[in-house]
Amino acid sequence: MILIRFKNSVIRLRMLLCPLVGILLLGLPGDLATAQSITSITPRSVQPGVATELTVVGKGFDSTLKFVTRCKTQLTIKSVESEKAVIELTVPDTVPLGPIGLWAATNAGPMTPSVILVDDLPAVPDNGGNHSLETAQVIPDSVAIDGKSDGARLDYYRFQVRENQALTIEALTQCIESAMDPVIRLLTPEGETVLLADDDGVGSECRLRHQFTRAGDYIIEIKDSGYVAGGSYHLRIGNFPLTSHCFPLAVQRGKSTLVGAESFGNDLLPENQIVEQEWKLDVGGNLAFRFPSGTASAWRRIHVSDAPQYVEGNEESPLTFPVGISGRLLKSGEADEYAIAGVKDAN
């Protein structure tokens, strides 16, 4: 018998014999790879079930241009010019929230894939003239903004809240494959800092949640931490959970399992609790979480495994290979131990 002891933060033990996988990378000739490309897509997000017009900017487009996604979307090409195409994309309600790939090609060959977000918040563009407190772009309190860093010229967004209203604000960059390292500040109209959020502990994206004790106008400031221009961001604001990860971290393929989400902090409103949902999954992907009174969702990825999955305290003893365990270490010095039945001569 093997005894395994953990002394880290959140753990998922996955004991599987992993085969060696070889990857063959095939490259296009240099002149072909640079002859056609996509440089931007506006907006960068679509709402499930809503037909959205996207403007795709690049070079090398012609009448043979085609687009495709892996999910069952409705996609219509409305116009094509040499450096711009307009398409209409409708993503079904059944598609999970989060990033999806968009592939494009002409008869000359494929282009580098792009990423767009499926988001249940409506999106508006960065108007490009919002570089001071006085010229802050006015937005509603439940919206997403597709913007771009202008280097040392920071972006500002003004919104209005009710007394005791709670909102979450997050800047997404990694999931849209942007190199921007965002920093956000929540400000009073006079420019005084209420809250600041930088890296969230998981990556360069940043998030905050705040309950406003006073009604009125507030301002969001967003910048690249190194004042680098050109990086894209997807800024979300609304009453949705401030989540870090799913729990349990993995589920067994085809088995119904209650899954919740862990939060970065305790919510100030008792009615805003993340309710566990029962899922029966065949493949890994994003799960969406919403407050009962919320205006939008947060999403987090979950792993799906063929191996049995247990949550600490509900496991059999001893466990047998292969197995996955999701657990929490909530106190300093806490240690979890699991008995694993060994098999003679097994690897």
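Refer to the structure presented above.
Definitions and cut-offs
- Residues numbered from 1 in each chain as written.
- Predicted model: local features only at pLDDT ≥ 70, side-chain atom pairs only at ≥ 80, totals over all residues.
- Heavy atoms only, no water.
- Helix = DSSP H or I, 4+ residues; strand = E, 2+ residues; numbered from the N terminus.
- Buried < 20%, exposed > 50% of the residue type's maximum accessible area, 1.4 Å probe, protein only.
- Core = buried A, V, L, I, M, F, W, Y, C linked by side-chain atoms within 4.5 Å.
- Contact = heavy atoms within 4.5 Å.
- Pairing = 2+ DSSP bridges.
- Axes fitted to C-alpha atoms, helices over the stretch in contact; angles between N-to-C directions.
- Phe/Tyr/Trp six-rings, centres within 6.5 Å; stacked < 30°, edge-to-face > 60°.
- Lys NZ or Arg CZ within 6 Å of the ring centre and 35° of its normal.

### As for the overall build of the chain
Then, in step 1: When helices and strands are tallied, the chain shows 1 helix and 31 strands.
Then, in step 2: Here the chain holds 347 residues, and the buried ones make up 46% of them.

### Comments concerning the nonpolar core
Then, in step 1: Within the largest apolar cluster, 25 residues are counted, with the highest numbers of intra-cluster contacts made by Ile-38, Val-56 and Phe-67.
Then, in step 2: Those elements that provide at least two residues to this core are strand E3 (37–42), strand E5 (52–59), strand E8 (84–90), strand E9 (98–106) and strand E11 (114–118).
Then, in step 3: When sequence neighbours within four positions are dropped, the list of residues in contact with Ile-38 reads Val-56, Val-57, Gly-58, Phe-61, Phe-67, Ala-104, Met-111 and Ser-114.
Then, in step 4: If you look at the next biggest cluster of nonpolar residues, it comprises 22 residues, including Phe-159, Phe-212, Ile-222 and Ile-237.

### Details of the sheet that holds strand E24 (residues 257–263)
Then, in step 1: The strand order across the open sheet formed by 3 strands is E22-E24-E25, and the pairing between neighbours is antiparallel. Two strands close off the open sheet at either side, each with one partner strand: strand E22 (243–247) and strand E25 (277–279). Here the strands of the sheet are splayed against their neighbours by 35° on average, with no regard to which way each runs.
Then, in step 2: Where E22 lies against E24, 4 bridges are found, and the strand directions are antiparallel.

### Notes on the packing of aromatic side chains
Then, in step 1: Enumeration according to the criterion identifies 2 aromatic pairs in this entry.
Then, in step 2: Aromatic pair Phe-159 and Phe-212: ring centres 6.1 Å apart, planes at 80°, arrangement edge-to-face. Here Phe-212 lies in the loop between strand E19 (206–211) and strand E20 (216–224) and Phe-159 lies in strand E15 (residues 155–161), a separation of 53 residues in the sequence. Taken as a pair, Phe-159 and Phe-212 share a single burial class, namely buried.
Then, in step 3: With a centroid separation of 4.7 Å and an interplanar angle of 55°, the aromatic rings of Phe-212 and Tyr-218 are classed as tilted.
Then, in step 4: Residue Phe-212 is classed as buried on the basis of its relative accessible area, which comes to 1%.
Then, in step 5: A residue is classified by how much of its surface remains accessible, and Tyr-218, at 9% relative accessible area, is buried.
Then, in step 6: Taken together through their ring pairs, the aromatic side chains of Phe-159, Phe-212 and Tyr-218 make up a single cluster.
Then, in step 7: The ring of Phe-240 has Arg-236 lying over it, and the distance from NZ or CZ to the ring centre is 4.4 Å.
Then, in step 8: Over the face of the ring belonging to Phe-247 we find Arg-328, whose NZ or CZ atom lies 3.6 Å from the ring centre.

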